[in-house]
Amino acid sequence: MASGSIRVAETPFVSYLLRRADDALVLGHRLSEWCGHAPMMEEEMALANMGLDLIGQARALYGHAGAVEAAGHDEDDFAYLRDERGYRNLLLVEQRNGDFARTIVRQFLYAAFAEPYWRAMMASRDATLAAIAAKAEKEMTYHVRHCAEWIVRLGDGTAESRTRTIAALTDLWPFTGELFEVDEGDRAVIADGIGIDPETLRVPWRRTVAHVLAEAGLEVPKEGFMRNGGRIGRHSEHLGHLLAEMQYLQRSMPGENW
Amino acid sequence: MYTQALNAGPEAAERTIEDAAILARFQERIDAEERIEPNDFMPAAYRKTLIRQISQHAHSEIVGMLPEGNWITRAPSLRRKAALLAKVQDECGHGLYLYAAAETLGVSREELIDQLLSGKAKYSSIFNYPTLSWADIGAIGWLVDGAAIMNQIPLCRCSYGPYARAMIRVCKEESFHQRQGYEIMLALVRGSEAQREMAQDALNRWWWPCLMMFGPPDADSRHSEASTRWKIKRFSNDELRQKFVDATVPQARYLGLTIPDPDLRFNEETGHWDYGAIDWEEFRQVIAGNGPCNADRMAARRKAHEDGAWVREAACAHAAKSRVRAAA
Ligand SMILES: [Fe+2]
Ligand SMILES: [Fe+2]
């Protein structure tokens, strides 16, 4: 562990919350990397909006994880004082931005899952999670719509945009299996009526993806080998660099108020 | 703000012959504090001055995203990260309103952006300085947004309606940015010795460039006479600079920080803070392209523009295809 890292008592419920929070933070951070460098001003605004939505979701979820864990950890402890092996996010969201097509495809594949996920979570027995879900669901609806519009533009636009979008889909597709993964702990949280079984979202997710890709004149990639490991802290090499950058001040000047 | 009257336009030579009576009528409208709207008559030089000023302002908002954007991924807390991302997004929004205001004068956003990327158009000198520590984000909000407010509040009464209205919207957000920046500084000075040192260092580096934001001293300021007559500019560069110093000195004292000017003293007679000599040679060098970050800023803007070209082309191609399909 990096110096100053916190130890989290990862009960199934705390893990469940951290997994969702880490997805949102890492993806929000990735979107924030675009700031000042987007292809057009309207898209600067949209990418920042989506990034802000996700960072907001992460903060709410970390706050709740802190309350559930009851060990005095706040949102910044979770975000800044865990190293990559402590992070529980999907491999999909930590993948690098690449070109605009890759960022949009990554966002779309995630949002097409997160939208029905949060909608279903509005019925969670945990009132705080249900409230977080109600807000997140509205936000993710916008993400799906915005990304879907772009995928259609890029798929239909020029030969170059089409080629780039196909490459992004091909490269990112193997990370989508992890969206539906559950472990023992998750099953307990689902059985308690706090979480929901992601398997129930497979059909709606595929329907959204297939519908948008068809409109874009693109094919759904063939099923094949799926990557995983993010949920237990076995990440790609990209996450460590992201965290080194994000955590720099908290690590170099520990314990300060900012 | 962010318009420092940097381009000397050869207006006099290009001035078209306009009927004296129409010009007099235009000036009467200005003197009566009427707003000039896009379809109203306006002298060519008035239009040209506004296009230059509004586009410089728009470019400054966009280039200004870069120094602060430099810290979004390294902000020290999630609250600060979200606030900074939202702030930089606001600046982009300001750029959008301002390009839209410029477009009402008959110039396109694309033309203006080309002028920025070719180096023909200028943007505020302040954004050619680097953000070297987190405290710079506090200092920019406090001082740079603070200076922007000083300049922009009078622009809310600018004679050109679309610019004035854009400024009203922008000023509300700038004052929020300024408070946010000051609050970052406050957290630092209330923190550890290392944090206080970081805050003082930021003030040391940003103070003089911020004073330069108001543009050359009145004695050397081009464009001022006509802009004043047209009620585009209501205060001189030096007047605005003085207002800024007067407002900022007490704020620095409250923070317990020292303004890096040994000549700074309160003048009992004038009721203003007298400040030391500004290094105008540094200003000229930054404007000439030799500031610490000019090359980096332009390279970043050009790269974003070039990297995004295929995306913009794809959007246009799709729109064109959709129109054809809809017509079929
Ligand atoms: Fe602004
Ligand atoms: Fe601002």
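Scoring rules and cut-offs
Residues numbered from 1 in each chain as written. Chains lettered and ligands numbered in written order. Predicted model: local features only at pLDDT ≥ 70, side-chain atom pairs only at ≥ 80, totals over all residues. Heavy atoms only, no water. Helix = DSSP H or I, 4+ residues; strand = E, 2+ residues; numbered from the N terminus. Expected span 1.5 Å × (residues − 1). Bend = angle between axes of the 7 residues up to and from the residue. Contact = heavy atoms within 4.5 Å. Donors = N, O, S within 2.8 Å, 3.2 Å for Na, K, Ca; no water. Buried < 20%, exposed > 50% of the residue type's maximum accessible area, 1.4 Å probe, protein only. Tetrahedral: all angles 85-135°; square planar, octahedral: opposite > 155°, others 65-115°. Buried area = accessible area lost by both parts, 1.4 Å probe. Salt bridge = Lys/Arg side-chain N within 4 Å of Asp/Glu carboxyl O. Polar contact = N/O pair within 3.5 Å; in protein donor to acceptor, adjacent residues only side chain to side chain. Axes fitted to C-alpha atoms, helices over the stretch in contact; angles between N-to-C directions. Parallel < 35°, antiparallel > 145°, perpendicular 65-115°, else oblique. Left-handed = near helix turned anticlockwise from the far one by under 90°. Nonpolar A, V, L, I, M, F, W, Y, C, P; charged D, E, K, R; others polar. Phe/Tyr/Trp six-rings, centres within 6.5 Å; stacked < 30°, edge-to-face > 60°. Lys NZ or Arg CZ within 6 Å of the ring centre and 35° of its normal.

**Student:** Before we go on, may I ask you to explain helix 11 (residues 237-255) of chain B in this structure?
**Tutor:** Side chains three or four residues apart in an α-helix point the same way, a direct result of the helix having 3.6 residues per turn. Residues and elements named next belong to chain B. With 19 residues, helix 11 extends 27 Å between its outermost C-alpha atoms, agreeing within 8% with the 27 Å of an ideal straight helix rising 1.5 Å per residue. Remark: the principal bend of helix 11, roughly 25°, maps to Thr248, with a proline, Pro250, within the next four residues. Those residues of helix 11 hidden inside the fold are in contact with helix 7 (134-155), helix 8 (161-189), helix 9 (193-212), strand 2 (272-274) and helix 12 (280-290). Positioned one or two residues after helix 11, Gly256 has a phi angle of 75°, which is positive.

**Student:** Just to check I follow, could you spell out the coordination of the iron ion (ligand 1) for this structure?
**Tutor:** Ideal geometry at a metal gives 109.5 degrees between four tetrahedral donors and either 90 or 180 degrees between six octahedral ones. Residues and elements named next belong to chain B. The coordination sphere of the iron ion (ligand 1) contains the protein donors Glu61 (OE), Glu61 (OE), Glu91 (OE), His94 (ND1) and Glu174 (OE), at a distance range of 2.0 to 2.8 Å. The motif formed by the donor residues of the iron ion (ligand 1), counted along the single chain, is E-x29-E-x2-H-x79-E. Accessibility expressed as a relative area gives 0% for His94, which makes it buried.

**Student:** How should the coordination of the iron ion (ligand 2) be read in this particular structure?
**Tutor:** Residues and elements named next belong to chain B. At this site the iron ion (ligand 2) is bound by Glu91 (OE), Asp145 (OD), Glu174 (OE) and His177 (ND1), with donor distances of 1.8 to 2.3 Å. The site at the iron ion (ligand 2) holds 4 donor atoms, and with the angles between them running 88 to 150°, its shape is irregular. Mapping the donors of the iron ion (ligand 2) onto the primary sequence yields the spacing E-x53-D-x28-E-x2-H. Between the iron ion (ligand 2) and the iron ion (ligand 1) the interatomic distance amounts to 3.5 Å, and Glu91 serves as a bridging ligand to the pair. Linking Asp145 in helix 7 with His177 in helix 8, this pair joins segments that are 32 residues apart in sequence. For the pair Asp145 and His177, one class covers both residues: buried.

**Student:** In this structure, what is going on with the interface of chain A and chain B? I would like to understand it.
**Tutor:** Residue-level contacts link 47 residues of chain A with 46 residues of chain B. Between chain A and chain B, a total of about 4000 Å² is buried, with carbon and sulfur atoms accounting for 69% of that surface. Our enumeration of links across chain A and chain B arrives at 2 salt bridges. The closest approach of N and O atoms between Glu42 of chain A and Arg109 of chain B, which form a salt bridge, is 2.4 Å. At the boundary of chain A and chain B, one finds 18 residue pairs in polar contact (both at pLDDT 80 or more).

**Student:** Help me out: how do you make sense of the packing of helix 1 (residues 12-32) of chain A against helix 2 (residues 41-69) of chain A in this one?
**Tutor:** The description of two helices packed together rests on the angle between their axes and the distance between the axes. Residue and element names in this part refer to chain A. The geometry of helix 1 relative to helix 2 is characterised by a closest axis approach of 7 Å and an angle of 155° between their N-to-C directions. When the axes of helix 1 and helix 2 are compared, the pair comes out roughly antiparallel. The interaxial crossing formed by helix 1 with helix 2 has left-handed handedness. Of the residues contributing to the contact of helix 1 with helix 2, the split by class is 18 nonpolar, 4 polar and 3 charged.

**Student:** Got a minute to help me understand the packing of aromatic side chains in this structure?
**Tutor:** The geometry of two aromatic rings is summed up by the distance between their centres and the angle between their planes. Per the counting criterion, the structure on display carries 19 aromatic pairs over all chains. Seen in terms of ring centroids, Tyr46 of chain B and Trp230 of chain B are 5.5 Å apart; in terms of plane orientation they differ by 90°. Their pairing is edge-to-face. With a gap of 184 residues between them, Tyr46 of chain B in helix 3 (residues 44-63) and Trp230 of chain B in the loop between helix 10 (224-229) and helix 11 connect regions that are remote in the sequence. Given a relative accessible area of 7%, Trp230 of chain B falls into the buried group. Ring centres of Trp280 of chain B and Phe283 of chain B lie 5.3 Å apart, and the angle between their planes is 85°; on these two criteria the pair is classed as edge-to-face. Taken as a pair, Trp280 of chain B and Phe283 of chain B lie in helix 12 at a separation of 3 residues, close to a single helical turn. Through successive ring pairs, a cluster of aromatic residues spans Phe113, Tyr117, Trp118, Trp173, Phe180 and Trp205 of chain A. For Arg229 of chain B, the ring lying beneath its charged end belongs to Trp230 of chain B, and the centroid distance is 5.5 Å.

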